[in-house]
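Inside the fold
Residue-level listing of the chains:
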Amino acid sequence: MAHRDAFLRAVEWKTGQAPSERSYPYHLPAVRQMGKLKFHPAVTYLVGENGSGKSTILEAVAAAWGFNPEGGTRNFTFSTWDSHSSLYDRIRLVRSARQAKDGFFFRAESYYNVATHIEELDREPSFGPPIIQSYGGTSLHRQSHGESFFATFLHRFRGNSLYILDEPEAALSPSRQMSMLSRIHQLVQQGAQFIIATHSPILMAYPDSILYDLGENGIEVKTLEETDHFLITKEFVNNRQRMLRELLE
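Summarised in this report is the structure supplied together with it. Residue positions are given per chain, counting from 1 as you read along its sequence in written order. Local features in a predicted model are, by the rule used here, given only for residues with pLDDT of at least 70; side-chain atom pairs are given and counted only at 80 or more, and totals for whole chains, interfaces and linings are based on all residues. By convention in this description, side-chain values take in all heavy atoms of the structure and omit both hydrogens and water.

**Some thoughts on a nonpolar patch on the surface**
Patch membership is restricted to residues that have no salt bridge and whose relative accessible area is over 30%. Joining uses 9 Å for like charges and 5 Å for the nonpolar side chains Val, Leu, Ile, Met, Phe, Trp and Tyr. Computed by Shrake-Rupley with a 1.4 Å probe, the accessible areas treat only the displayed protein chains as cover when residues are assessed. We define a salt bridge as a side-chain nitrogen of Lys or Arg found within 4 Å of a carboxyl oxygen belonging to Asp or Glu. Nonpolar side chains collect at one region of the surface, where F236, V237, L247 and L248 lie side by side and expose about 430 Å² of accessible area between them. Here a strand is any run of E in DSSP of at least two residues, a helix any run of H or I of at least four, and the numbering for each starts at the N terminus. Within the residue set of the nonpolar patch, elements represented by two or more residues are α6 (228–238) and α7 (240–248). Structurally, L248 can be placed in helix α7.

Listed below in structure tokens is the structure:
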């Protein structure tokens, strides 16, 4: 597929900022060996075990781009807990001349805070329409987790924009994950770029992408079929009784 230029081409260490210390998160192999990480113009995946550094790198990239570290658009400035690392200040984003029309940093773990902030802003006097109208018009707190997640993906996301997503599958059923994959495709066709940290083999399946596996060896390019997420899921589905015996006996 022919691509437009990526909004965000790569991330690299600022001159003299490559880590030497062993404090968090610089002791993580994926962070220490990050070097120059190139992003696909359509979809880039960061996958790996919990604690591998994928969310940490994603958060740093989002903060360096100008997103609120807790999530939302670049206009969101709230802070409920200042927990992000200093990594964002030690990296440099390699941007293209192409300007993103919009964007969103989606974090499953702090999405409640984003939803709360939207309601707080909408209670303030304003000459414009309520912000919630851009999210489908229904309070995100009055929907299930999965419904509110998907309302953002469906109504708030648009083409020609940069989307950084941290575990968007957290509240989505398998069928919703497939719907999310379709939504990603629609937006890619409209010029959007995605960088996604995920554990979901379904979401990892978008073909026009690059997949980085983060682990003890640093960062490796893999196919979906080479990831532990895919292999373990496949093994469990195909050999459920044997695996249950091994796990439970």
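**Observations concerning the packing of aromatic side chains**
The pairing test for Phe, Tyr and Trp rings, Trp by its six-membered ring, is centres within 6.5 Å, and the orientation test on the planes gives stacked under 30 degrees, edge-to-face over 60, and tilted for anything in between. Per the counting criterion, the structure on display carries six aromatic pairs. Seen from their ring centres, F104 and F157 are 5.7 Å apart, and the 50° between their planes marks the pair as tilted. Of this pair, F104 sits in strand β5 (residues 102–107) while F157 sits in the loop between α4 (145–156) and β6 (161–166), and the two are 53 residues apart along the sequence. Accessibility assignment for this pair places F104 and F157 in one class, buried. When the ring of F150 is compared with that of F153, the centres are 6.4 Å apart and the planes differ by 85°; the resulting orientation is edge-to-face. One end of the pair is F150 and the other is F153, both in helix α4 and three residues apart, which spans about a single turn. Under the scheme applied here, a residue whose accessible area is under 20% of the maximum for its type counts as buried, over 50% as exposed, and between as partly exposed, the area being computed with a 1.4 Å probe on protein chains only. What makes F153 buried here is its relative accessible area of 0%. Three or more aromatic residues link up through ring pairs in this structure, and these residues are F104, F106, F150, F153, F157, Y163 and F194. Definition used: whenever NZ (Lys) or CZ (Arg) falls within 6 Å of the ring centre and also within 35 degrees of the ring normal, the charge is taken to sit over that ring. A cation sits over an aromatic face here: R176 above F150, 4.4 Å from the ring centre.

**A few points about unusual backbone geometry**
Following Y24, the chain continues into P25 via a peptide bond in cis, with omega recorded as 0°. Mapping P25 onto the fold places it in the loop between β1 (8–13) and α1 (29–32). In this structure, N160 is a non-glycine residue whose phi angle is positive, near 55°. In this structure, E167 is a non-glycine residue whose phi angle is positive, near 50°.

**Considerations on the side chain of S161**
Among the secondary structure elements, S161 is positioned in strand β6. Looking at S161, its side chain comes within polar contact range of the main-chain nitrogen of D102, at 3.2 Å. Within polar-contact distance, the side chain of S161 engages the backbone oxygen of G159 at 2.9 Å. Here a residue-residue contact requires only that any non-hydrogen atoms of the pair lie within 4.5 Å. Apart from residues no more than four positions distant in its own chain, S161 is found in contact with F7, A100, K101, D102, G103, G191, A192 and Q193. Nitrogen and oxygen atoms within 3.5 Å of one another constitute a polar contact, given that in protein one can donate a hydrogen and the other can accept it, and given that sequence-neighbouring residues count only through two side-chain atoms.

**Describing the environment of A171**
Within the secondary structure layout, A171 lies in the loop between β6 and α5 (174–189). A C-alpha to C-alpha distance of 8.1 Å links A171 and A108, two positions 63 residues apart in sequence.

**Here we look at the packing of α6 against α7**
All axes here are fitted lines through C-alpha atoms, helices being fitted over the stretch that makes contact, and every angle between N-to-C directions spans 0 to 180 degrees. Where α6 meets α7, the axes come as close as 5 Å, and the angle between the chain directions of the two elements is 105°. Between α6 and α7, the angle is such that the two are roughly perpendicular. Contact residues: α6 offers E235, F236, V237 and N238, while α7 offers R240, R242, M243, L244 and L247. Classifying every residue of the contact of α6 with α7 gives five nonpolar, one polar and three charged. Under this scheme an angle from 65 to 115 degrees is roughly perpendicular, one under 35 degrees roughly parallel, and one over 145 degrees roughly antiparallel; angles in between are oblique. Residue type decides the class: Asp, Glu, Lys and Arg count as charged, Ala, Val, Leu, Ile, Met, Phe, Trp, Tyr, Cys and Pro as nonpolar, and the leftover types, Gly among them, as polar.

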